[in-house]
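Listed here are the chains, written in short residue letters.
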Amino acid sequence: MAIRVQLDRILLERRMSLTELSDRVGVTIANLSILKTGKARAVRFTTLDALCRELNCQPGDLMTYEPGPGEAHEED
Amino acid sequence: MRALGPGSVSSFLKIILDVIYVGLWVWVSLLAIFTVAVLLLSFNPELITSKLHIGSSVDELISKGPLFAGALGAWALLSGGWMVIVERLRRVFSTLTAGDPFHPDNVRRLRVVGLVLAALEIGHYIFAALAKWLAPDTKIVDGSFSLSAWFPVLVVFVLAEVFREGARLRREAELTI
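This structure is a prediction, so every number in the text was calculated from the model and none was measured. (Residues numbered from 1 in each chain as written. Chains lettered and ligands numbered in written order. Predicted model: local features only at pLDDT ≥ 70, side-chain atom pairs only at ≥ 80, totals over all residues. Heavy atoms only, no water.)

Peer 1: How do you make sense of the overall build of chain A when you look at a structure like this?
Peer 2: Each helix and strand counted, chain A has 5 helices and 2 strands in total. Walking chain A from its N terminus toward its C terminus, one meets helices and strands in the order β-α-α-α-α-α-β. Across the 76 residues in chain A, those meeting the buried criterion constitute 30%. Considering only contacts in chain A between residues 6 or more positions apart, those separated by 24 or more positions represent 62%. Element-wise, carbon and sulfur atoms account for 51% of the exposed surface of chain A, whose accessible area totals about 5,100 Å². (Helix = DSSP H or I, 4+ residues; strand = E, 2+ residues; numbered from the N terminus. Buried < 20%, exposed > 50% of the residue type's maximum accessible area, 1.4 Å probe, protein only. Contact = heavy atoms within 4.5 Å. Areas by Shrake-Rupley, 256 points an atom, 1.4 Å probe, with all protein chains shown as cover.)

Peer 1: So what exactly am I meant to see when it comes to the interface of chain B and chain A here?
Peer 2: A common way to report how large an interface is uses the accessible area buried once the components associate. The interface of chain B with chain A comprises 5 residues on the first partner and 11 residues on the second. In total, about 730 Å² of surface goes out of reach between chain B and chain A, with carbon and sulfur atoms giving 59% of it. Area buried by chain B at its contact with chain A is led by L175, T176 and I177 of chain B, which between them contribute 84% of it. One can count 1 salt bridge joining chain B with chain A. One salt bridge in this structure joins R41 of chain A and E172 of chain B, with 3.1 Å as the shortest N-O distance. Scanning the region where chain B abuts chain A turns up 6 residue pairs in polar contact (both at pLDDT 80 or more). Residue classes in the side of chain B that touches chain A are distributed as 2 nonpolar, 1 polar and 2 charged. (Buried area = accessible area lost by both parts, 1.4 Å probe. Salt bridge = Lys/Arg side-chain N within 4 Å of Asp/Glu carboxyl O. Polar contact = N/O pair within 3.5 Å; in protein donor to acceptor, adjacent residues only side chain to side chain. Nonpolar A, V, L, I, M, F, W, Y, C, P; charged D, E, K, R; others polar.)

Peer 1: I'm lost on the nonpolar core in this one. Help?
Peer 2: Across soluble globular proteins, you tend to see nonpolar side chains buried next to one another. Counting 21 residues, the largest nonpolar core has L7, L21, L32, L51, L55 and L62 of chain A as its most contacted members. Sorting the residues of this core by element identifies α1 (7-14), α2 (18-25), α3 (29-36) and α4 (45-55) of chain A as the ones contributing at least two each. Looking at this core, the element that brings in the most residues is α4 of chain A, giving 5 residues. With residues up to four places along the chain from it excluded, the contact list for L32 of chain A reads L7, L18, L21, S22, V27 and L51 of chain A. In this structure, I85, V113, L120 and V156 of chain B belong to the second largest nonpolar core, which totals 8 residues. (Core = buried A, V, L, I, M, F, W, Y, C linked by side-chain atoms within 4.5 Å.)

Peer 1: Mind showing me how you'd approach the state of the cysteines here?
Peer 2: Formally, a disulfide is one covalent bond, and it connects the sulfur atom of one cysteine to the sulfur atom of another. Residues and elements named next belong to chain A. A full pass over the atoms with the stated rule returns 0 disulfides over all chains. For C52, which is in no disulfide, the shortest distance to another cysteine sulfur is to C57 and amounts to 4.5 Å. Relative accessible area serves as the criterion here: at 9%, C57 is assigned to the buried category. (Disulfide = S-S within 2.5 Å.)

Peer 1: I'm lost on the pattern of salt bridges in this one. Help?
Peer 2: Side chains that differ in charge, positive against negative, can pair when their charged atoms come close. Residue and element names in this part refer to chain B. Per the stated rule, a full pass over the model turns up 20 salt bridges over all chains. Between E87 and R91 there is a salt bridge; the shortest N-O distance is 2.7 Å. Of this pair, E87 and R91 both sit in helix α4 (residues 65-97), 4 residues apart, which is roughly one turn of that helix. Taking the relative accessible area as the measure of exposure, E87 reaches 15% and is therefore buried. Owing to a relative accessible area of 41%, R91 belongs among the partly exposed residues under this scheme. A salt bridge links E174 to R171, with the shortest nitrogen-to-oxygen separation between them at 3.2 Å. You can see E174 and its partner R171 sitting in helix α6 (residues 147-174), 3 residues apart, about one turn around the helix.

Written out as structure tokens, the structure is:
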């Protein structure tokens, strides 16, 4: 999948740990790790809303689209 | 009506499956013992004629000993197939009671059930053909093609595909944050 999650970078910029974010948004550390490592298949709007609220950012700051070779017009 | 827990349909079905499973174990064990006994008696008829004096029917019984043993063995194999099916269904059921019916292993279990059902039906035809060849005067089994016997095979394979999709959706749900 060509969607890259920038959670690591944003957490570093905010000087916030994954545990603290987990407490604030009510998502388990295991699930945040899945999101952070790009293994997640989908993100709920409620989760995205909580992440943007607590990290004070836009959805576009959290995720970017970086197509690899041959991925530009492919559906995964 | 409750879906899970005491007094539910699933608990009732679980009891039925457990009873059938134990019953099949006893049945297969008895069949195996009888098969061995008939084979031994057919090779050593004095064992039965020295103890019993039933009449000429005993001689006929002894002469057809290997045939009876074969029939009993086939029956034991058939019952063994049913045991495999019931055992797999019990495992599927255990995932249901654990609240995870779309476990990926259930797809394989249902496919095994479908394959064993098909194998049992094919075995039925083979056994019928052998019986007709070895004992043409007796009608032990009817080896005619039956659509109603193959329909459950189709149903189980369709259910296996439904479970495969269910397992995929479960995986998707697991990776939805």
